[in-house]
Amino acid sequence: MAQILGIFLLLCASSCSNDLVESRNSGSALGTTYSIIFYDSVARDYQKEIDSVFNAINQSMSTYIPTSDISRINAGDTTVIVDAMFKEVFEESMKVYTQTNGHFDPTVGVLVNAWGFGPGKQIALDSVKVDSLLAYVGFNKLKLNIDNTLYKANANIVLDFNAIAKGYAVDRIAALLDQKKVENYLVEVGGELVAKGENKIKNKSFVVGIDDPVANDRSVPAAKVHLVNKALASSGNYRHFREDPVTGKKYVHTVDPITGYTKNSNVIGVSVLANTCAEADAYATAFMAMDLDESMQLLLADKNIDAYIIYITVNGEISHFKTDGFSKIMIE
């Protein structure tokens, strides 16, 4: 799986104007950290409700909890009736899987582990072994039944929503704040974000920074953007690459879920702007696995998402691609 590409929250700490009070919640959840900033007429503390959201997501989709729905499904329990959250994430995953021609695939983990890029055990691979593992890969080999149980074409398929769950968690926290009639907030989970309204300290839109994948000083962002009523998710595995000993060119190892083999990718960082953070999260992961030309074609065809892609040219230089929609939110 690609590592999360860091996003900076560029905010000021002071009293709010317009008679609004700033409230903050932060902590650890889903194996990462979160930060929530919102403004209301009086100070509010929704920690219990926030904890409930994370707990519900964990019980539904955490592969680290043996009793979660996804863990039971992976263990072969065909009687599990999934909840509404699982269903939403499954359906969004299938949409992005289809739109990216299989490059976003929550079943690819078995290959990532086998090639030595995941938490599982690395194994010796040849063409025969890769072909055998591909039998366990393919999100189209799964289907939700009418009774909300999950059908797997192969019982050994392992499902992991890690590449979309943090984005989905951002959306659920945002939905909680919407339910509470909060009109101005910024929610961040593991670097994935959604913003609504504006920063009421400055009476301006929220400004966030995108991590520079090649800078020694990680506190200096590669770009700053205004985030207004949108979600932003980033991905990158630029910290894990190999360098050609002859040419000096850097290559990022990415496992292609279609072929089953690692591929050299010149894409080192992606940030995606979308209406939901689950969607942005999934596409950011997919664009790390896709060829740059494929990603550009998809982005030009789909006007509902925008992206900023940092890549290495054939000459070994750092370059950038950004859609028109992403250009509009960037701060020069």
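All of these numbers come straight from a predicted model, not from anything done at the bench.

Student: Outline the overall build of the chain, listing residues and values.
Tutor: A count of helices and strands for the chain gives nine helices and 18 strands. Within the span of the chain, comprising 332 residues, buried residues form 50% of the whole. With an accessible surface of roughly 15,300 Å², the chain has 50% of that area assigned to carbon and sulfur atoms.

Student: Let's hear about the confidence of the model for the chain: which residues, and what values?
Tutor: Interpretation of this model should avoid reading the predicted coordinates in detail wherever pLDDT is low. With 89% of its residues at a pLDDT of 70 or more, the chain shows a mean pLDDT of 89. Scored below 50 in pLDDT, residues 1-5 makes 29 contacts in the model with residues more than four places away or belonging to other chains.

Student: Run through unusual backbone geometry, naming residues and quoting values.
Tutor: Phi at Asn101 is positive, roughly 55°, even though this residue is not glycine. Turning to its location among the elements, Asn101 is positioned in the loop between α3 (84-99) and α4 (109-114).

Student: Residue-level account of the packing of helix α1 (residues 47-61) against helix α6 (residues 162-179), with values.
Tutor: Where α1 contacts α6, the two axes come as close as 10 Å, and the packing angle between them is 145°. You can see that α1 and α6 cross each other, and the crossing is right-handed. Together, Glu49, Ile50, Val53, Phe54, Ile57 and Met61 of α1 and Tyr168, Ala169, Arg172, Ile173 and Leu176 of α6 make up the contact between the two elements. In the contact of α1 with α6, the residues fall into nine nonpolar, no polar and two charged.

Student: An account of the nonpolar core is requested, with residue identities and associated values reported.
Tutor: Of all hydrophobic cores here, the largest spans 66 residues; its most connected members are Phe86, Phe161, Val272 and Phe287. In this view, Val272 contacts Ala231, Leu232, Ala233, Ala280, Tyr283, Ala284, Phe287, Ile305, Asp306 and Ala307; residues no more than four positions away in its chain are not counted. Counting 21 residues, the second largest nonpolar core, distinct from the first, contains Ala195, Ile268, Ile329 and Met330.

The rules behind these values
Residues numbered from 1 in each chain as written. Predicted model: local features only at pLDDT ≥ 70, side-chain atom pairs only at ≥ 80, totals over all residues. Heavy atoms only, no water. Helix = DSSP H or I, 4+ residues; strand = E, 2+ residues; numbered from the N terminus. Buried < 20%, exposed > 50% of the residue type's maximum accessible area, 1.4 Å probe, protein only. Areas by Shrake-Rupley, 256 points an atom, 1.4 Å probe, with all protein chains shown as cover. pLDDT = per-residue confidence, 0-100. Contact = heavy atoms within 4.5 Å. Axes fitted to C-alpha atoms, helices over the stretch in contact; angles between N-to-C directions. Left-handed = near helix turned anticlockwise from the far one by under 90°. Nonpolar A, V, L, I, M, F, W, Y, C, P; charged D, E, K, R; others polar. Core = buried A, V, L, I, M, F, W, Y, C linked by side-chain atoms within 4.5 Å.

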